[in-house]
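Summary of structural features
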Amino acid sequence: MEMRAGEEDIEIAEDMTPSVVPLSYALHDAFLHSHCSSCFSLLPARVRDGAKAIAAARRIEMDENGKNDSTLLEAVLCLVLTNAVEVQDNEGRSLGIAVYGPNFSWINHSCSPNACYRFIISPPDNVLPFRDDSRLRILPAGTKSDNGVHNNIEFPKGCSGSGPRVIVRSIKRIKKGEEVTVAYTDLLQPQEIRRSELWAKYRFICCCTRCIASPPSYVDHILQYCVHCCCDDFPIHDQIVSETGDEATRKMTDYVEEVTAEYLAIGDPESCCKKLENMLITGLLDELLEVREGKSQLNFRLHPLHHLALNSYTVLASAYKIRASNLLALHSEVGGLSWEALNMYRISAAYSLFLAASTYRLFCFESSLLASVANFWASAGESLLALAKSSAWDSLGNCGFPVLNLSPLAEHKCSKCSLLESFEVNLSFGQDQIRKADFDSVSNRFLDCFGSLLQKVWGFLIQGCRYLEVFKDPTDFTLDIWDFDVRFTHNDVDFNCWANKSASEIEDLGYVDQWRMNIFKLGVHCLLYGGNYLLQDL
Ligand SMILES: C[S@@+](CC[C@H](N)C(=O)[O-])C[C@H]1O[C@@H](n2cnc3c(N)ncnc32)[C@H](O)[C@@H]1O
């Protein structure tokens, strides 16, 4: 079965379902009063009845056949495995799983989907009626009318019941009768990984336009194949690159996974930062590969938009942030480490920002990346605001920065772009007013402002970060990104430039307030664009 747009065209960013209540769900401990068993008491009656029926059926089977036939249990398990979705909070953290009825679970997958979904989370004991006037605007294939009935299957329209609700929303314009699809897997992964995940979990091979494109689309090419190979002695023949490139990518994948797993298990963010940044800068040196006569050293490097590079930025942003908070905690005991903590916050925010700008570039070629890019802008905004508000600046004495009050955001209007005004119009006249027709103009104005603020702070944010210093402008990917070594050799970067200066020297430069204020403004822009405009309004 598949779901299609009902009897009208659907514009971009419209809710296509009311908030749908789960048939069954199991959330992690954070949402439970006691331990896991408490979730069973919350299961809707029909699921408990179903479980009793299964138990009864098993008893009969066992009595009749003298053996434990697991067919029915397998069927139920398959149903859950096929239809359960991971419930996530606004920041993408996994909260558990839930199974929904047909108006959600009949939606098929595409790697270039036209819809996405979001959850409304409320505590498990909250069973108060939920006001929701949205209509169900998608129907099973073959259904003629939108009266909510299909082949005697009543589509639940009621809004009562507990559990995380899900709402399906369009991310592209969908024509009447066109199939509605969502992503079952992370769309920023290369095709090979998407394919193997979908096969392992659902046993199907995706044949969407993105997957069957030949040659692969720009986005898939760059996410998967953009690995550069060079050798000091002589030029590398293309043949050798393609033969050894896959092997090199596998090795780099193992390396990134190993470093990330070690970081998560042992919690040494410093070693994690060193290892990942070294890998991004120097790439993989492979001495075992034979080139012409004898052995020679090949050097493989990742394009900054390669999926392994993107994964590394996420880990680096987190590891630098942990380093900063560890230092601040130590600062209260030891003192004098706050400037170093500021450096860590700075680089963490720089990686967050770089990730948002990188995925935005991919989004320009693959519009279904909208939800990912929105989340990255929002978290870059949050990192920048946390940096601007950090007490670590206090080590610089009185830097004159006003006490920040982020709520309401309305106080932080930008005279150049109208992001905030758009929301005000939206709030007073209803969502349709800033409609998506404005998308290009809102985005262009945001990018203009973003670019000019970035120019003022990017140098400060990346100072001392060996990898990011290569990118003089994170929105410009036209530079010869393979030329890392040359740049490092000729640029003689002082890695400890800021860390070596005393707080008063920095203050004398007179830039501190300006940096802090511009970082703050940049954060507000990213949060408004990603968190408010792309995620909620668009
Ligand atoms: C949540 S269900 C979707 C509804 C399903 N088509 C049905 O009729 O019940 C997931 C299952 O649908 C099928 N499916 C979803 N997307 C697909 C796709 N793009 N190509 C092939 N099969 C797909 C797979 O069998 C998958 O296990």
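Residues numbered from 1 in each chain as written. Predicted model: local features only at pLDDT ≥ 70, side-chain atom pairs only at ≥ 80, totals over all residues. Heavy atoms only, no water.

**Side note on the site of the ligand**
Heads up, the condition is: Note on definitions. A residue lies near a molecule or strand when any single heavy atom of the residue is within 4 Å of it. Each polar contact in these results corresponds to two N or O atoms within 3.5 Å; when the atoms are within protein, one needs to be able to donate a hydrogen and the other to accept it, and residues that are neighboring in sequence are counted only if both atoms are side-chain atoms. Every accessible area reported is derived by Shrake-Rupley at a probe size of 1.4 Å, with residue values counting cover from the shown protein chains alone. Under the DSSP-based scheme used, a helix requires at least four consecutive residues in state H or I and a strand at least two consecutive residues in state E, with every element numbered from the N terminus. Charged means Asp, Glu, Lys or Arg here, nonpolar means Ala, Val, Leu, Ile, Met, Phe, Trp, Tyr, Cys or Pro, and polar covers whatever is left, Gly included.
Looking at the ligand, the residues that line it are Met 1, Thr 82, Asn 83, Ser 105, Trp 106, Ile 107, Asn 108, His 109, Tyr 184, Tyr 202 and Phe 204. Between the ligand and the protein, one listed contact pairs an oxygen atom with a backbone N or O atom of Met 1 at 2.4 Å. Within the complex, 70% of the 560 Å² of free accessible area of the ligand lies under protein. Among the secondary structure elements, those contributing two or more residues to the shell around the ligand are α3 (71-83) and β5 (108-109). Its residues assigned to classes, the shell around the ligand shows 6 nonpolar, 5 polar and no charged.

**What about the sheet that holds strand β3 (residues 85-88)?**
Threshold: Two strands are counted as paired when DSSP detects at least two bridges linking them. An axis is simply a line fitted to the C-alpha atoms; with a helix, the fit covers only the stretch in contact. Between two such axes, the angle follows the N-to-C directions and lies from 0 to 180 degrees.
As summarised here, the arrangement of the 3 strands in space is β2-β4-β3, forming an open sheet in which the pairing is antiparallel. The sheet terminates laterally at β2 (24-27) and β3, the two strands that pair on one side only. Each strand axis lies, on average, 30° off the axis of its neighbour in the sheet, ignoring direction. With 4 bridges connecting them, β3 and strand β4 (residues 94-99) associate as antiparallel partners. Across the sheet, residue Gln 88 finds its bridge partner in β4, namely Ser 94.

**Some details on the packing of helix α11 (residues 338-363) against helix α14 (residues 439-462)**
How we decide: Note on convention: the crossing is left-handed when the near helix lies turned anticlockwise from the far helix by less than a right angle, right-handed when the turn is clockwise. Whether two residues are in contact is decided by their heavy atoms: any pair within 4.5 Å suffices.
Put simply, α11 and α14 touch, their axes get as near as 12 Å, and they point 145° apart. Judged by the sense of rotation from one axis to the other, the crossing of α11 with α14 is left-handed. Listed contacts from α14 to Arg 346, Ile 347, Ala 350, Leu 353, Phe 354, Tyr 360 and Phe 363 of α11 are Phe 439, Ser 443, Leu 447, Phe 450, Leu 454, Trp 458, Phe 460, Leu 461 and Ile 462. Looking at the contact of α11 with α14 residue by residue, the classes come out as 14 nonpolar, 1 polar and 1 charged.

**Here's the deal with the nonpolar core**
Definition in use: Grouping buried Ala, Val, Leu, Ile, Met, Phe, Trp, Tyr and Cys residues that are joined through side-chain atoms within 4.5 Å yields what is termed a nonpolar core. When accessible area is computed with a 1.4 Å probe and restricted to protein chains, residues below 20% of their type maximum are described as buried, those above 50% as exposed, and intermediate ones as partly exposed.
Among the nonpolar cores identified, the biggest contains 104 residues, and Tyr 351, Leu 353, Trp 377, Leu 461 and Leu 468 are the most heavily contacted of them. In terms of residues, this core owes the most to one element, α11, which gives 16 residues. Setting aside chain neighbours within four positions, we find Leu 468 in contact with Ala 350, Tyr 351, Phe 354, Trp 458 and Ile 462. With 23 residues, the next largest nonpolar core counts Tyr 100, Val 166, Ile 174 and Val 182 among its residues.

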